[in-house]
Amino acid sequence: MEMENNKGDDNSQLLPRASTVPPITYTNNNYQRRRKPLSKTKSTPPRLYRQGSFSRDIGHAAAETYLITWLSFKLLSYLGLGYRWITRFMGLALYAMLLMPGFLQVAYYYFFSPLVRRSVVYGDQPRNRLDLYLPEKIDSPKPVVAFVTGGAWIIGYKAWGSLLGKQLSEHDIIVACIDYRNFPQGTIGDMVEDVSQGISFVCNTIADYGGDPNRIYLMGQSAGAHIASCALMKQAIKESRGESVSWSSSQIKAYFGLSGGYNLPNLVDHFNNRGLYRSIFLSIMEGEESLPNFSPEIMVQDQTSKAAVQLLPHIILFHGASDSSIPPDSSKTFVDTLHGVGAQAELILYEGKTHTDLFLQDPLRGGKDDLFDHIVAYIHANDKEALAKDAMAPPRKRLVPEILLKLARRVSPF
């Protein structure tokens, strides 16, 4: 591991409005704040709260499966027939089958755990929903990670962050997985707008769910890392210009970018060769002329953004050195650029790790996970009690046999 340091769509009717899930309540001797009660008679600790009935869970799953299927067929009309993407789709199907033992366990937790608040509404657009993963015990305000999942700007979905949400919440960290419109339901401007609105919701309401509004961290993976960094940079630009904003970049303690791409003009040919064809990619990004406007590496170099750069939080980028989906140089050059304009940034490279190793295979393997441990240690850096609890935590459970993990790594289309 190498480290560099320096300080309206027509689909809205397909998604049922989330059942109104009231915020939790907590008090202790050191912290007391008014909360909306779960009922008129008494409040219920989150571990005893059962969200919805079994039939509602099944109905919810069916509705979201229908939406994803419908959008998949709509996407096919854009993609047409192409050798590269068809072979990668087949590889993705095989990859998912090999990891299915782990996915089924996480899916059971996602749909049936009382600690998961699914599809909390944060806006009026289709897929303006987020999932909340809560610690079992909330007796004081907990740190929060607002997470934006990847998926090539096409197949991203909030549930893809359930493994991360489960594991971080077990370490007393609240996770908010923000969903957003994918292509062709929306283009990059819609995605950034959705994510920014989701971040605003977290910043302004997370205290009602037991979160500490003074300890909010933003994290994105792959395409989600790109979208989240765009949202953060554009927010800082708005603030530097004195525009009205619903959340502030200063509310974000740090940004964690995992396997992201931050300079789109440099990636067009690379993605085209890997099956995300130029025509589709440029459609997602609203045309070639818009690429610089959604490239954080280019945005921070703009002389008119100098004041915005000073508003950015500490940026930590993680990347696998053997990532072929988004080359590790994407993170390295972004960190170098951030250093050049005076921003606080660092890069952590993981030798031999691919695009999916860090986010899927390693967590499913259980045991020690360098990326996970680094994020938790950073978030808990000033909390001695939390650090001591982390040190005593049992090893993470293996969810997939090693032979299946190795086979999945070989067939992964990413």
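Refer to the structure above for everything that follows.
Let us look at the structure shown here. (Residues numbered from 1 in each chain as written. Predicted model: local features only at pLDDT ≥ 70, side-chain atom pairs only at ≥ 80, totals over all residues. Heavy atoms only, no water.)

Digging into unusual backbone geometry
To be explicit about the condition: For helices the rule is a DSSP run of H or I covering at least 4 residues; for strands it is a run of E covering at least 2, with both sets numbered from the N terminus onward.
Cis rather than trans, the peptide bond between Phe183 and Pro184 has omega equal to 10°. Relative to the helices and strands, Pro184 resides in the loop between β5 (174–178) and α5 (188–205). Positive phi outside glycine occurs at Ser119, with the angle close to 55°. Within the secondary structure layout, Ser119 lies in strand β2 (residues 116–121). A positive phi angle is found at Asp172, which is not glycine, with a value near 65°. Within the fold, Asp172 resides in the loop between α4 (162–169) and β5.

Looking at the nonpolar core
Soluble globular proteins: nonpolar side chains tend toward being buried together. For the record, the criterion: Nonpolar cores were defined as sets of buried Ala, Val, Leu, Ile, Met, Phe, Trp, Tyr and Cys residues, with membership established by side-chain atoms within 4.5 Å. Partly exposed residues are those whose accessible area sits between 20% and 50% of the maximum for their type, while under 20% is buried and over 50% is exposed, using a 1.4 Å probe and protein chains only. By the convention used here, residues are in contact when the closest approach between their heavy atoms is within 4.5 Å.
If you look at the biggest cluster of nonpolar residues, it comprises 69 residues, and the most contacted ones within it are Trp153, Ile199, Tyr255, Phe281 and Ile284. Per element, the largest residue contribution to this core is 10 residues, and it comes from helix α6 (residues 223–240). When sequence neighbours within four positions are dropped, the list of residues in contact with Ile284 reads Ala152, Trp153, Ile154, Phe183, Thr187, Ile188, Met191 and Leu276. In this structure, Leu99, Tyr157, Ile173 and Ile375 belong to the second largest nonpolar core, which totals 40 residues.

As for the layout of surface pockets
For the record, the criterion: Note on definitions: the grid is 1 Å and covers protein atoms alone; a cavity is a set of points where a 1.4 Å probe fits but cannot get out; a pocket is an open set with protein on both sides within 12 Å along at least five of seven lines; lining residues have an atom within 4 Å of a point. Grid points are joined across faces, edges and corners, and a volume is the space filled by probe spheres set on the points. Residue polarity is assigned by list, with Asp, Glu, Lys and Arg as charged and Ala, Val, Leu, Ile, Met, Phe, Trp, Tyr, Cys and Pro as nonpolar; anything else, Gly included, falls into the polar class.
A volume near 510 Å³ is recorded for the second largest pocket. Taken together, 23 residues line the second largest pocket, and the ones lying closest to its centre are Glu170, His171, Pro394, Pro395 and Arg396. Listed by contribution, the elements that provide at least two residues to the lining of the second largest pocket are α3 (100–112), α4, α13 (370–379) and α14 (384–392). In terms of residue class, the lining of the second largest pocket is built from 11 nonpolar, four polar and eight charged.

Description of empty space enclosed by the protein
To find the voids left in a structure, one rolls a probe of water-molecule size over its atoms. Looking at the largest cavity, its volume works out to about 120 Å³. Along the walls of the largest cavity sit Leu163, Leu164, Gln167, Met219, Leu358, Phe359, Pro363, Asp369, Leu371, Phe372 and Ile375, which together make up its complete lining. Going through the elements one at a time, α4, α12 (357–365) and α13 are the ones with two or more residues in the lining of the largest cavity. Class assignment for the residues of the lining of the largest cavity results in nine nonpolar, one polar and one charged. When its volume is computed, the second largest cavity comes out at roughly 60 Å³. Around the second largest cavity, the lining residues are Ser229, Leu232, Met233, Tyr255, Pro296, Val300, Leu312, Ile315 and Phe334.

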